[in-house]
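# Understanding the architecture of this molecule
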Amino acid sequence: MKKPYTPGLVTAWLLAIAAVFAIVQLNANGLVSAGGYVAGSVIMLVSYICLDLFIILGFGEKRKDIFNMIRSQ
């Protein structure tokens, strides 16, 4: 059975759409450069992936095992 969408997930999608629209509008009006936002997004994504890897390595287990351990509590 599929899990229903939660209010937080719906809000996150709406905010993501609004953010992309705002960035496109600011870029179209020449107020900001798109390259800065792309670079910032890439840096944030790489930082998140590194943090995730460090947490998984810190536990010394597989990602699936950690999620199973969290769900069982």
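Residues numbered from 1 in each chain as written. Predicted model: local features only at pLDDT ≥ 70, side-chain atom pairs only at ≥ 80, totals over all residues. Heavy atoms only, no water.

## Brief notes about the overall build of the chain
On a plain count of helices and strands, the chain comes out with three helices and zero strands. Its helices and strands taken in sequence order, the chain reads α-α-α from the N to the C terminus. Relative to a compact globule of 73 residues, whose C-alpha radius of gyration would be 11 Å, the chain shows 18 Å and is clearly more extended. Considered along the principal axes of its C-alpha atoms, the chain spans approximately 50 × 30 × 15 Å. Residues counted as buried form 4% of the 73 residues belonging to the chain. (Helix = DSSP H or I, 4+ residues; strand = E, 2+ residues; numbered from the N terminus. Rg over C-alpha atoms; globule rule 2.2 N^0.38 Å. Buried < 20%, exposed > 50% of the residue type's maximum accessible area, 1.4 Å probe, protein only.)

## Quick notes on the confidence of the model for the chain
Taken over all residues, the pLDDT of the chain has a mean of 84, while the share at 70 or more is 96%. In the model of the chain, helix H3 (residues 63-72) stands out as the element of lowest mean pLDDT, 79, in contrast to helix H1 (residues 7-28), which has the highest, 89. (pLDDT = per-residue confidence, 0-100.)

## Quick look at a nonpolar patch on the surface
There is a patch of nonpolar side chains on the surface, built from Leu 45, Tyr 48, Ile 49, Leu 53, Phe 54 and Leu 57 and spanning about 690 Å² of accessible area. You can see Leu 45 is positioned in helix H2 (residues 34-59). (Patch = residues over 30% accessible without salt bridge, like charges linked within 9 Å, V, L, I, M, F, W, Y side chains within 5 Å. Areas by Shrake-Rupley, 256 points an atom, 1.4 Å probe, with all protein chains shown as cover. Salt bridge = Lys/Arg side-chain N within 4 Å of Asp/Glu carboxyl O.)

## Remarks on the packing of H2 against H3
Running from N to C, H2 and H3 point in directions that differ by 80°, and their axes come no closer than 10 Å. Comparing their axes, H3 and H2 come out roughly perpendicular. Touching Asp 52, Ile 56 and Phe 59 of H2 are Arg 63, Ile 66 and Met 69, all from H3. Here the contact of H2 with H3 is composed, by residue class, of four nonpolar, no polar and two charged. (Axes fitted to C-alpha atoms, helices over the stretch in contact; angles between N-to-C directions. Parallel < 35°, antiparallel > 145°, perpendicular 65-115°, else oblique. Contact = heavy atoms within 4.5 Å. Nonpolar A, V, L, I, M, F, W, Y, C, P; charged D, E, K, R; others polar.)

## What to know about H2
Taking 1.5 Å per residue as the helical rise, H2 with its 26 residues ought to reach 38 Å, and the 38 Å between its terminal C-alpha atoms agrees with that figure. Positive phi appears at Gly 60, one or two residues downstream of H2, with a value of about 75°. (Expected span 1.5 Å × (residues − 1).)

## Looking at the environment of Glu 61
Mapped onto the elements of the fold, Glu 61 is located in the loop between H2 and H3. Since its relative accessible area comes to 37%, Glu 61 is described here as partly exposed. Residues within four places of Glu 61 in sequence aside, it is in contact with Ile 56 and Ile 66.

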